Every structure is written in structure tokens, then in C-alpha cells.
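Spelled out from the first residue to the last, the chains are:
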Amino acid sequence: MILTILHYPDPRLREKGQPIREITPEIQKLADDMAETMYAAPGVGLAATQIGVPVRLFVIDLAGEDEPSRLVTFINPEILEREGSRTWEEGCLSFPDVHEDVQRAERVRVRALDRDGKPFELDVDGYMAVAVQHENDHLDGVLMIDHMGALRKRMVQRKLEKRRARDARP
Ligand code: NI
């Protein structure tokens with residue numbers, strides 16, 4: 001089932017995700033629907049807070065169009081270590097048409113539960129490290145715009161206001 005993705009500045013994007021206590025069939029269905037929604041968008045990552053469900057769950061798949069799926073489901077993720085620093089041009093399904101440089105750690109170690117509730121740890125760098133940090137931020141109600149200076153933040157807000165006005169036109 002394809003879910004509706006919330007767009008900035010929807011206040012629900014600021015909600016913190018609560019830990020998931022038990023991997024129920026409902027949670028697995030939510031993870032599956034989120035993956036389907038992400039692919040349909042199309043996007044490479046989606047957090048539960050972006051569809052208005054405040055729980056600690058996100059999905060990432062960085063595979064290109066012609067590659068087999070590399071879907072990873074993260075439940076109750078924790079970033080254990082961050083190392084280095086780099087700037088990456090990021091996008092977000094909650095900020096349509098916005099692509100802006102954000103500074104992140106170069107490498108992270110992340111621990112989470114998979115779709116079956118099995119714990120795993122990953123050491124990731126580059127694009128995957130950026131994606132994990134971006135999605136993990138969503139679970140704390142933190143958005144890419146929060147990593148920008150005042151000027152760029154205002155620019156992005158204006159761009160989104162214009163887009164909303166355009167979409168609202170009959
Ligand atoms: Ni995002």
C-alpha cells in the first residue's frame with residue numbers, strides 16, 4: 001500500500017519516533033508499505049515519521065534502477081560511532097525538488113533490528129553513511145533544513161512556498 005509522504009513544514013515531521021517494543025505483523029506491514037512508498041516516489045530512503053507514524057523505523061535502498069534491490073530495514077536504530085566529516089548534496093522526499101549540501105560524518109557504525117527483529121551492526125561510509133544519518137535524524141524530528149545556515153534555510157523555505165502556491169492553483 002502506498003502511503004502519503006508528509007511535506008515540510010508539516011508539524012508531524014517534528015515528532016520523535018518512539019522505540020518499537022515488539023516486531024508485530026503490523027510493524028512488518030508498515031515496513032513493507034514504507035519500502036513500496038519509497039520505490040514509488042521514487043526515493044532512496046524513508047522514515048516512519050515522514051508518513052506520520054512516530055516510531056523508530058526507516059528503510060533505505062541505494063541500488064540504482066538497473067541493479068537488484070539492496071533494501072535494508074532499520075528498526076530502533078542507534079548510531080554507535082561517527083568518524084570524519086564530509087559534505088554531500090542531499091535530497092528528501094519531504095522537501096520536493098530541494099537538493100542542498102549538508103555536512104555529515106564520513107563513516108558511521110549503526111546497530112538496529114531487521115524486519116524479523118534480528119539485531120545487526122553495519123559499518124558504512126559514503127552515500128550509505130549519509131543516508132543512515134539523514135534517516136536517523138528524521139526519527140528525532142530533525143530535518144535536512146536544520147543543518148543549513150539561516151540564508152539557505154530561508155531560500156529553501158521560499159522555494160517550497162512557491163511550489164505549494166503553484167500546486168494550489170486551480
Ligand atoms: Ni528525508
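Whatever comes next refers back to the structure up there.
Residues numbered from 1 in each chain as written. Predicted model: local features only at pLDDT ≥ 70, side-chain atom pairs only at ≥ 80, totals over all residues. Heavy atoms only, no water.

Colleague: Tell me about the coordination of the nickel ion, and please be specific about residues and values.
Modeller: With distances of 2.1 to 2.2 Å, the protein atoms coordinating the nickel ion are C92 (SG), H134 (NE2) and H138 (NE2). Within one chain, the residues donating to the nickel ion are spaced in sequence as C-x41-H-x3-H. One end of the pair, C92, is in the loop between β4 (86–90) and β5 (100–104); the other, H134, is in helix α2 (residues 126–138), with 42 residues separating them in the sequence. Looking at H134, the relative accessible area reads 6%, which means it is buried. (Donors = N, O, S within 2.8 Å, 3.2 Å for Na, K, Ca; no water. Helix = DSSP H or I, 4+ residues; strand = E, 2+ residues; numbered from the N terminus. Buried < 20%, exposed > 50% of the residue type's maximum accessible area, 1.4 Å probe, protein only.)

Colleague: Could you give an account of the sheet that holds strand β7 (residues 119–125), with specific residues and numbers?
Modeller: Here five strands make up an open sheet; going across it, the order is β1-β2-β3-β6-β7 and the pairing antiparallel. Sheet topology places β1 (45–47) and β7 at the edges, where each strand pairs with a single neighbour. The average undirected angle you get between the axes of adjacent strands in this sheet is 35°. Where β1 meets strand β2 (residues 57–60), three bridges bridge the pair, whose relative direction is antiparallel. What sits directly across from L46, in β2, is V59. Across the sheet, helix α1 (residues 25–40) is in contact with β1, β2 and β3 (72–83); its angle to β2 comes to roughly 40°. Along the sheet face, α2 touches β1, β2, β3, β6 (107–113) and β7 and points at about 110° away from the line of β3. (Pairing = 2+ DSSP bridges. Axes fitted to C-alpha atoms, helices over the stretch in contact; angles between N-to-C directions. Contact = heavy atoms within 4.5 Å.)

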